[in-house]
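Per-entry structural report
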Amino acid sequence: MRKIGLDVGDVRIGVAISDMLGMIANPYETYTRKSVEEDIEHFNQILKEQNADTFVVGLPLNMDGTAGDRVEKTKEYVEELKKGIDAKFVFQDERLTTVQAEKMLISADVRRDKRKKVVDKVASCIILQAYLDKF
């Protein structure tokens, strides 16, 4: 079964999907958040289309490993999603993933305006790959 990686932000959510073997993460999309109901509908559609069973959600811990405001917002949002999505949800430490994604895009000579459009889905890919690499 495939896994879906999520990099949850206040406005956008980066989405990545694993291959069928659960070994390689691939960027999928940058989703602009709407209402919780519409978000649930959107992610249920991806779950069904991609034959996935798990959402791997980036947990934005502080550099010292403590949980701040952003962690609480992410956990609250996931609790809302769980009410309408029948799938497993797991958290993955996402410290520095956005920085990593930016560096990757810069080294690939992606222009600044284009980087802004793809950085979230690249970060979600890094989150998902870190999770997949544990198994």
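Our subject is the structure listed above.
Everything in this summary refers to the structure shown in the same document. It should be emphasised that the depicted structure is a prediction, and the values quoted were computed from it without experimental measurement.

1. Focus: the pairing of strand β1 (residues 2–8)
With 6 of 7 residues buried, β1 is to be regarded as a mostly interior element. Here β1 runs beside strand β2 (residues 12–18); their pairing, made up of 5 bridges, is antiparallel. Looking at β2, one finds that Asp7 is bridged to Gly14. Here β1 folds back onto β2 in antiparallel fashion, the turn holding 3 residues.

2. What about the sheet that holds strand β3 (residues 25–32)?
The strand order across the open sheet formed by 5 strands is β3-β2-β1-β4-β5, and the pairing between neighbours is mixed. One side of each edge strand has no neighbouring strand; the edge strands of this open sheet are β3 and β5 (88–93). On average, adjacent strands in this sheet sit at an angle of 25° to one another, irrespective of strand direction. In terms of strand pairing, β2 meets β3 through 7 bridges, oriented antiparallel. Looking at β3, one finds that Ile13 is bridged to Tyr31.

3. Some details on the side chain of Glu29
Take Glu29: it is sitting in strand β3. Buried charge without a partner: Glu29 forms no salt bridge, and the closest opposite charge is Lys34, 8.3 Å away. Among the polar contacts made by the side chain of Glu29, one reaches the side chain of His42 at a distance of 2.5 Å. Apart from residues lying up to four places away in sequence, Glu29 is in contact with Ile13, Gly14, Val15, His42, Ile46 and Lys121.

4. Considering helix α1 (residues 36–49)
The end-to-end C-alpha distance of α1, which contains 14 residues, comes to 20 Å, matching closely the 20 Å that a straight helix rising 1.5 Å per residue would cover. For α1, the set of buried residues is Asp39, Ile40, Phe43, Ile46 and Leu47. For α1, the angular spread of buried residues about the axis comes to 130°, placing them on one side. Structural note: α1 exposes Glu37, Glu41 and Lys48 on the side pointing more than 90 degrees away from its buried face. In the core, the buried residues of α1 are packed alongside β1, β2, β3, β4 (52–59) and α2 (69–82). Just past α1, the residue Asn51 takes up positive phi, approximately 55°.

5. A few points about the packing of aromatic side chains
Scanning the model with the defined rule gives 4 aromatic pairs in all. Where Phe55 meets Phe89, the ring centres are 4.9 Å apart and the plane angle is 15°; that geometry is what we call stacked. Here Phe55, found in strand β4, pairs with Phe89, found in strand β5; they are 34 residues apart in sequence, far enough to count as distant. Residue Phe55 is classed as buried on the basis of its relative accessible area, which comes to 0%. Their ring planes at 65° and their centres at 5.1 Å tell us that Tyr131 and Phe135 sit as a pair that is edge-to-face. Accessibility expressed as a relative area gives 9% for Tyr131, which makes it buried. Residue Phe135 is classed as exposed on the basis of its relative accessible area of 72%. An aromatic cluster of three or more residues is present, and its members are Tyr31, Phe43, Phe55 and Phe89. Sitting over the face of the ring of Tyr77, Arg33 holds its NZ or CZ atom 3.9 Å from the ring centroid.

What counts and what doesn't
- Residues numbered from 1 in each chain as written.
- Predicted model: local features only at pLDDT ≥ 70, side-chain atom pairs only at ≥ 80, totals over all residues.
- Heavy atoms only, no water.
- Buried < 20%, exposed > 50% of the residue type's maximum accessible area, 1.4 Å probe, protein only.
- Helix = DSSP H or I, 4+ residues; strand = E, 2+ residues; numbered from the N terminus.
- Pairing = 2+ DSSP bridges.
- Axes fitted to C-alpha atoms, helices over the stretch in contact; angles between N-to-C directions.
- Lys, Arg positive; Asp, Glu negative; His and termini not counted.
- Salt bridge = Lys/Arg side-chain N within 4 Å of Asp/Glu carboxyl O.
- Polar contact = N/O pair within 3.5 Å; in protein donor to acceptor, adjacent residues only side chain to side chain.
- Contact = heavy atoms within 4.5 Å.
- Expected span 1.5 Å × (residues − 1).
- Arc of directions from axis to C-beta.
- Phe/Tyr/Trp six-rings, centres within 6.5 Å; stacked < 30°, edge-to-face > 60°.
- Lys NZ or Arg CZ within 6 Å of the ring centre and 35° of its normal.

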